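Overview (structure and organization)
Spelled out, the chains give:
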Amino acid sequence: MMDNSEVNTRSGLAMQRFFNDPDDIVDETVAGFVKAHGDLVCKDPMNPRVVLSRFAPQEGRVGIVTGGGSGHEPAFIGYAGRNMVDAVAVGELFSSPTAQAFADAIRAADGGAGVAVLYGNYAGDNMNVKMARDMVAEDGIEVALVVANDDVCSAPPSERAKRRGVAGEIFMWKIGGARAALGGDLAQVQAAAQKAIDACRSVGVGLGPCTLPAVGHPNFQIAAGTMEVGIGHHGEPGARVEPLKRADDIADDMLRIVLEDQDLKAGTEVAVLVSGLGATPVNELYVLFDRIETGLEGAGLKVHCALVGNYFTSLEMVGATLTVMALDDELKELLDVECASPGMSRSGAPVQPIAATSAPRPRRSGAAKAGATIERAPEAESDPRLDVHAASGIVTDLASVIVANKAYLSEIDGLIGDGDHGINMAKGFGRAAERIAGQNLTLDEALSVLSDVLMTEIGGSMGPLYGFMFGNMARAIEGRQAIDAEGFGVMLRAGLQGVRSTGAAELGDKTLVDCLVPAISAYEATCPDGFENALMAMAQAAEEGRDSTIDMVARLGRASRLGERSRGVLDAGATSCALILTKLADSVATRLSRT
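Quick summary incoming for the structure in this document. Per-chain numbering applies: the sequence of each chain, read as written, is numbered from 1 onward. With the structure being a predicted model, the display of local features is reserved for residues of pLDDT at least 70 and the display and counting of side-chain atom pairs for 80 or more, all residues being used for whole-chain, interface and lining totals. As a rule here, side-chain values cover all heavy atoms of the structure and leave hydrogens and water aside.

1. Overview of the overall build of the chain
Our working rule: Runs of E in the DSSP output that reach at least two residues are strands. Runs of H or I that reach at least four are helices, and both are numbered from the N terminus. For the radius of gyration, the atom set is restricted to C-alpha positions; the globular benchmark scales as 2.2 Å times the number of residues to the power 0.38. A 1.4 Å probe rolled over the protein chains alone gives each residue an accessible area, and that area as a share of the maximum for its type sets the label: buried under 20%, exposed over 50%, partly exposed in between. Residues count as neighbours in contact if any of their non-hydrogen atoms are within 4.5 Å of one another. In this tally Asp and Glu are treated as negative and Lys and Arg as positive; neither His nor the chain ends contributes. All charge positions are set by atom: Lys at NZ, Arg at CZ, Asp at CG, Glu at CD.
Across its full length, the chain holds 18 helices and 17 strands. For 595 residues, the compact-globule formula gives about 25 Å, and the C-alpha radius of gyration of the chain, at 25 Å, lands near that figure. Summarising its shape, the C-alpha atoms of the chain cover approximately 80 × 55 × 45 Å along the three principal directions. Across the 595 residues that make up the chain, the buried fraction comes to 61%. Counting only contacts in the chain whose residues sit at least 6 apart along the sequence, the fraction spanning at least 24 positions is 74%. Charged side chains of the chain number 52 positive and 79 negative; the gap between the two group centres comes to 3 Å.

This is how it looks when you write it as structure tokens:
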């Protein structure tokens, strides 16, 4: 177990924070949360990473599900309750929940009328929610999706589908939950939630960074006397950095950004949310709102509802977000429906439950399954060859190199992302190594363990991407006694197929594909020169592919919203992929034998 002094010594900074082991902070947060709010929520008995409303499911009522990374409390778990969210999937700090957590949340919220999943527009969430939808289809649960994209600065109006979901999600959950509480069917709930997020515009301003406990130092910097306009909830860089202004000037700028994107007519009623990012004194939020309300009034708009406080935070980041939702009669009615949750409660006319709260329907737990048929490696026919039954140590070697580079990978990720890549990768690979230790496993069995851990326990986008990659590798060599150079090539191609079945990345997008594809191509081109030479070529091409991402502009994932600001930095996924492939080459080479 790592204590605070170890983290502080490693980082060189004193972390004045309350935690035990950084790897346990999410589970301990959930444990304390459900104890503190036991009148409103409880933990799912089948999955400790799912928090449930005590008022759900109701037979015949549409279920409401959301989920996201931890560190944003009260979001996401704080919005489970009466007439709000029914089940929340919980992710690691700043990282999407797993597909398994989303699937279990959907199953727990199911009252027989379908489930609406309302979530933020992030690569990992999109990937894992859609896998979860496929997983629960076998249970006959109809799922409708609404993706929040209210962050104005993360993409231009012409590309709104690429925008991040931020604090506007709170209004989306409120409106969707109210429509479900009033008896709306699945299509009506989906439409109401979609209307809510379409009516929202948000912007964030950061004044100071935050620190992931497992990293031990801020994953980005905001220089003294400056501020970052358009900052993301994970610390993603904003639209611009400029000198720090007076509060009134900041409020005016934030309001201008959201109103210029909405073009609201005079007389429109609006709901306003001003949220702190974790370390901003609440009195300063009221200073901002005072000016914002004056600006809204000056624009001919009327504030129907104002929420000011810590509603959607980012650990201890200093800063604030502004969300403005334009109201029509329907949204106004649904906003005023009474609700009770740890994060937000509103008084109003009581809503008669559709049915009594019932126990969740019988459900089974099933992990995401591989899709398309994959090529199977032939039995080894030439030397040298790798004995599949004596090669599980290869996976242990892969885990060792990832764990050793945990801080490095997180540091790279923090430059244009949220800084959690190394943390989550190390946790997943480390857990897999622990489960393999002492067991007499074949290589395919060990790869399957690694795949399962990444898929069911890690989440984010890398969990499923690497999970499918290693899962396909395992399937390609399952049942084989040994593989030669040809069989190893089949295994590599199967891994690439797994990555491509999950993500949409192509060469040049600044992702792990920019490492994986050239590495496999180099291996196959060099295979006629021998197994060992092909492995060396793969390792060299992997490193060259990693380095090629420095000059690329990201076209997928969180970094894609930064445009040119993503240039000049290694891609974290490509970097971890290069570590994996170079270690794989070395580990396999040391185990080759001749008959």
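From this point, the discussion proceeds with the structure in view.
2. Focus: the environment of Gly-206
Within the element layout of this structure, Gly-206 appears in strand S7 (residues 200-208). Those residues in contact with Gly-206 that sit more than four places away from it in its chain are Ile-222, Met-227, Glu-228, Ile-231, Val-318 and Gly-319.

3. Describing the sheet that holds strand S17 (residues 592-593)
Threshold: For two strands to be treated as a pair, DSSP must find no fewer than two bridges joining them.
Pairing is antiparallel in the open sheet, where three strands are placed in the order S16-S15-S17. Every interior strand has two partners, whereas the edge strands, strand S16 (482-483) and S17, have only one. Bridge analysis of strand S15 (residues 385-387) against S16 gives two bridges, and the strand direction is antiparallel. Each residue of the ladder has a partner; that of Asp-387, found in S16, is Ala-482.

4. Focus: helix H14 (residues 462-477)
Rules: For a helix, the expected span equals 1.5 Å multiplied by the residue count minus one.
For H14, spanning 16 residues, the distance from its first C-alpha to its last is 23 Å, which sits close to the expected 22 Å at 1.5 Å a residue. For H14, the tally of buried residues reaches 15 of 16 residues, placing the bulk of the element in the interior.

5. Considerations on the packing of helix H12 (residues 421-436) against helix H13 (residues 443-458)
Geometry of a packed helix pair, given as the angle between the helix axes and the separation of the axes. So the rule is basically this: To obtain an axis, a line is fitted to C-alpha atoms, over the contacting stretch when the element is a helix, and the angle between two such axes runs from 0 to 180 degrees between their N-to-C directions. An angle below 35 degrees is read as roughly parallel, one above 145 as roughly antiparallel, one from 65 to 115 as roughly perpendicular, and any other as oblique. Handedness of each helix crossing follows the sense of rotation of the near helix against the far helix: counterclockwise by less than a right angle gives left-handed, clockwise gives right-handed. Residues are grouped as follows: Ala, Val, Leu, Ile, Met, Phe, Trp, Tyr, Cys and Pro are nonpolar; Asp, Glu, Lys and Arg are charged; all remaining types, including Gly, are polar.
H13 packs onto H12 with a crossing angle of 135 degrees between their chain directions and a minimal axis gap of 9 Å. By the angle between their directions, the pair H12 and H13 is classed as oblique. H13 is crossed by H12, and the crossing has right-handed handedness. Counting all contacts with H12, which are made through Asn-424, Lys-427, Gly-428, Phe-429, Arg-431, Ala-432, Arg-435 and Ile-436, the residues of H13 involved are Ala-446, Val-449, Leu-450, Val-453, Leu-454, Glu-457 and Ile-458. A class-by-class count of the residues in the contact of H12 with H13 yields nine nonpolar, two polar and four charged.

6. Brief notes about the environment of Met-491
Looking at the secondary structure, you find Met-491 in helix H15 (residues 485-502). The exposure class of Met-491 is buried, given its relative accessible area of 2%. Separated by 60 residues in sequence, Met-491 and Arg-431 place their C-alpha atoms 23 Å apart. Not counting chain neighbours up to four residues away, the residues in contact with Met-491 comprise Leu-447, Met-473, Ala-476 and Ile-477.

7. Examining the nonpolar core
To keep it simple, the criterion reads: Residues belong to one nonpolar core when they are buried, are Ala, Val, Leu, Ile, Met, Phe, Trp, Tyr or Cys, and are joined through side-chain atoms within 4.5 Å.
Ranked by internal contacts, the top residues of the largest apolar core, which has 93 residues, are Phe-429, Tyr-466, Phe-470 and Phe-488. Leave out the neighbours within four places in its chain, and Tyr-466 touches Met-425, Leu-454, Leu-512, Gly-573, Ser-576, Cys-577 and Ile-580.

8. Thoughts on the pattern of salt bridges
Selection rule: Every case where a carboxyl oxygen of Asp or Glu lies within 4 Å of a side-chain nitrogen of Lys or Arg is listed as a salt bridge.
By the definition in use, this model includes 35 salt bridges. In this structure, Arg-82 engages Glu-338 in a salt bridge whose closest nitrogen and oxygen atoms are separated by 3.0 Å. On the criterion of sequence distance, the pair formed by Arg-82 in the loop between strand S3 (63-70) and strand S4 (87-93) and Glu-338 in the loop between helix H9 (329-335) and strand S13 (339-340) is long-range, its members being 256 residues apart. Linking Asp-248 and Arg-291 is a salt bridge whose minimum nitrogen-to-oxygen distance equals 3.7 Å. With Asp-248 in helix H7 (residues 247-260) and Arg-291 in helix H8 (residues 282-298), this pair connects stretches of sequence that are 43 residues apart. Each of Arg-240, Glu-242, Lys-245, Asp-253, Arg-256 and Glu-260 takes part in salt bridges that share partners, so that together they form one network.

9. Things to note about the sheet that holds strand S9 (residues 240-243)
On the basis of which strands lie adjacent, the open sheet formed by six strands has the order S9-S8-S7-S12-S10-S11 and mixed pairing. With one partner strand each, in any of the chains shown, S9 and strand S11 (302-309) form the two edges of the open sheet. Averaged over neighbouring strand pairs, the angle between their axes works out to 20 degrees when direction is ignored. The pairing of S7 with strand S12 (residues 318-326) spans eight bridges and is antiparallel.

10. Side note on the state of the cysteines
Short version of the rule: To count as a disulfide, a pair of cysteine sulfur atoms needs to be within 2.5 Å.
Under the criterion given, the structure shown has zero disulfides. Free of any disulfide, Cys-515 has its nearest cysteine sulfur in Cys-577, 3.7 Å distant.

11. Brief notes about the packing of aromatic side chains
What counts, and what does not: Pairs were defined over the aromatic rings of Phe, Tyr and Trp, the Trp ring being its six-membered one, requiring ring centres within 6.5 Å. Orientation was assigned from the angle between planes: stacked under 30 degrees, edge-to-face over 60, tilted for the rest.
Inspection of the entire model under this criterion finds eight aromatic pairs. For the pair Tyr-79 and Trp-173, a centre-to-centre distance of 5.3 Å together with 40 degrees between the ring planes defines the contact as tilted. Remark: Trp-173 occurs in helix H5 (residues 168-181) and Tyr-79 occurs in the loop between S3 and S4; sequence separation between them is 94 residues. Comparing Tyr-79 with Trp-173 shows no difference in burial state: the two are buried. Residues Phe-429 and Phe-470 carry aromatic rings whose centres are separated by 5.9 Å and whose planes lie at 80 degrees to one another, so their mutual orientation is edge-to-face.

12. Here we look at unusual backbone geometry
Cis geometry marks the peptide bond from Glu-73 to Pro-74; its omega dihedral reads 15 degrees. If you trace the backbone, Pro-74 turns up in the loop between S3 and S4. Here the amide bond leading from Asp-383 into Pro-384 is cis, since omega sits at -10 degrees, within 30 degrees of zero. Within the fold, Pro-384 resides in the loop between strand S14 (345-346) and S15. Not every positive phi belongs to a glycine, and Phe-94 is a case in point at roughly 60 degrees. Phi angles above zero are rare outside glycine, and Lys-510 is one such case at about 70 degrees. Take Lys-510: it is sitting in the loop between H15 and helix H16 (513-526). Classification of Lys-510 by relative accessible area gives buried; the value is 2%.

13. Concerning the environment of Gly-124
Along the chain, Gly-124 turns up in helix H4 (residues 123-137). Residue Gly-124 is classed as buried on the basis of its relative accessible area of 8%. Each C-alpha atom, one on Gly-124 and one on Gln-188, is 27 Å from the other, the two residues being 64 residues apart in sequence. In contact with Gly-124, other than residues within four places in its own chain, are Ser-96, Gly-460 and Ser-461.

Purely geometric stuff here, so don't read any function into it on its own.
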